[in-house]
Amino acid sequence: MKKGARSRASSTSAPAPEVQGNGVEDLAAATHEVEQLRVLSLHRPELLSALAAHLDARGMALWRLGRNKESIADLDEAVGLYRRLASSSTDSAVAPRLARSLGALGSLRSNLDDHGGAMTNFQEALTLLLPLALQAPAAHKVVLSSLVRDILHTASTGKVPLDSEKIAEALRLL
C-alpha cells in the first residue's frame, strides 16, 4: 500500500493511498485496495474504516483525472461508511475522517456548481469538527481553516446561505 498526504490511517490497517503524483497510478493502486477491502470487510467489519479511506483516496484520484461522476460516487460511499461507523463506533478518529471526506465531497460539488449540495456537505463537516476543535484546536486547525474558506467561497459564489454563528465560532478558534 502507498502511504500519503490524504491518508486516514485506521486503527486496524495501513493508511490509504496517497493522492499526488501520477493520477493513473494512484487510481490503479486505490482500485486494487478498494476491491480487496470490499471482500475482506464482508467478514471483518473492523476493515470498514480502511475501505472508507481507500474509497476516499480513489475518489480524489478520479477527481484529479476529471472523472467527476465516479469521484462523487466513491466520496459518497466513503461518507456513508464513515457515517455508519460514527453511529456505531467509539473510535474517536471516525468523526474527523468523516468531516474531511465531507469537505472533499463539498469541494467537488462546489467545483461542479452544485453550491447547495456543497454547502450541505460543508455545514455537516463543520458541525462535526467544531466540538473536536474546541477540545483540541491545534489538531484540527488545518481542516477547520480549509472548511471555513470553502464555506465562505461557496456562499459568495453560489449565493447560498451559511450558518454565521458556526462560522464565527470556527473563526474564533483559528
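What you see is a predicted model, and the numbers here were worked out from it, not measured in a lab.

## Overview of the packing of helix H6 (residues 137-158) against helix H7 (residues 164-173)
Running from N to C, H6 and H7 point in directions that differ by 140 degrees, and their axes come no closer than 10 Å. By crossing handedness, the relation of H6 to H7 is classed as left-handed. The segment H6 lies against H7, with Leu144, Val148, Ile151 and Leu152 engaging Ile167, Ala170, Leu171 and Leu173. Here the residues of the contact of H6 with H7 are counted per class, giving eight nonpolar, no polar and no charged.

## Description of unusual backbone geometry
Positioned with a positive phi, Asp113 is a non-glycine residue whose angle comes to about 65 degrees. As for its placement among the helices and strands, Asp113 is situated in the loop between helix H4 (94-111) and helix H5 (115-135). For Asp113, a relative accessible area of 59% translates into the label exposed. One non-glycine residue, Lys159, lies in positive phi territory at about 50 degrees. Within the element layout of this structure, Lys159 appears in the loop between H6 and H7.

## Here we look at the pattern of salt bridges
A full pass over the atoms with the stated rule returns ten salt bridges. Salt-bridge contacts for Glu35 lead to Arg38; the nearest nitrogen and oxygen are separated by 4.0 Å. Here Arg38 and Glu35 lie together in helix H1 (residues 23-43), a separation of three residues that amounts to about one turn. For Glu35, a relative accessible area of 39% translates into the label partly exposed. Asp76 is paired through a salt bridge with Arg109; the nearest N and O atoms lie 3.3 Å apart. In this pair, Asp76 sits in helix H3 (residues 68-88) while Arg109 sits in helix H4, placing the two residues 33 residues apart along the sequence. On the accessibility criterion, Asp76 (33% relative accessible area) is partly exposed. For Arg109, a relative accessible area of 15% translates into the label buried. Via salt bridges that share partners, Glu35, Arg38, Arg58, Asp74 and Glu77 belong to a single interconnected network.

## A closer look at H5
With 21 residues, H5 extends 30 Å from end C-alpha to end C-alpha; this agrees with the ideal 30 Å at 1.5 Å per step. Along H5, the largest kink reaches about 30 degrees and is centred on Leu129; proline Pro131 follows within four residues of it.

## Quick notes on the confidence of the model for the protein chain
Chain-level pLDDT for the protein chain is 87 on average; 87% of the residues reach the 70-or-more range. For the stretch residues 1-19, pLDDT sits under 50, and the model shows 55 contacts to residues farther than four places along the chain or on other chains.

The rules behind each value
- Residues numbered from 1 in each chain as written.
- Predicted model: local features only at pLDDT ≥ 70, side-chain atom pairs only at ≥ 80, totals over all residues.
- Heavy atoms only, no water.
- Axes fitted to C-alpha atoms, helices over the stretch in contact; angles between N-to-C directions.
- Helix = DSSP H or I, 4+ residues; strand = E, 2+ residues; numbered from the N terminus.
- Left-handed = near helix turned anticlockwise from the far one by under 90°.
- Contact = heavy atoms within 4.5 Å.
- Nonpolar A, V, L, I, M, F, W, Y, C, P; charged D, E, K, R; others polar.
- Buried < 20%, exposed > 50% of the residue type's maximum accessible area, 1.4 Å probe, protein only.
- Salt bridge = Lys/Arg side-chain N within 4 Å of Asp/Glu carboxyl O.
- Expected span 1.5 Å × (residues − 1).
- Bend = angle between axes of the 7 residues up to and from the residue.
- pLDDT = per-residue confidence, 0-100.

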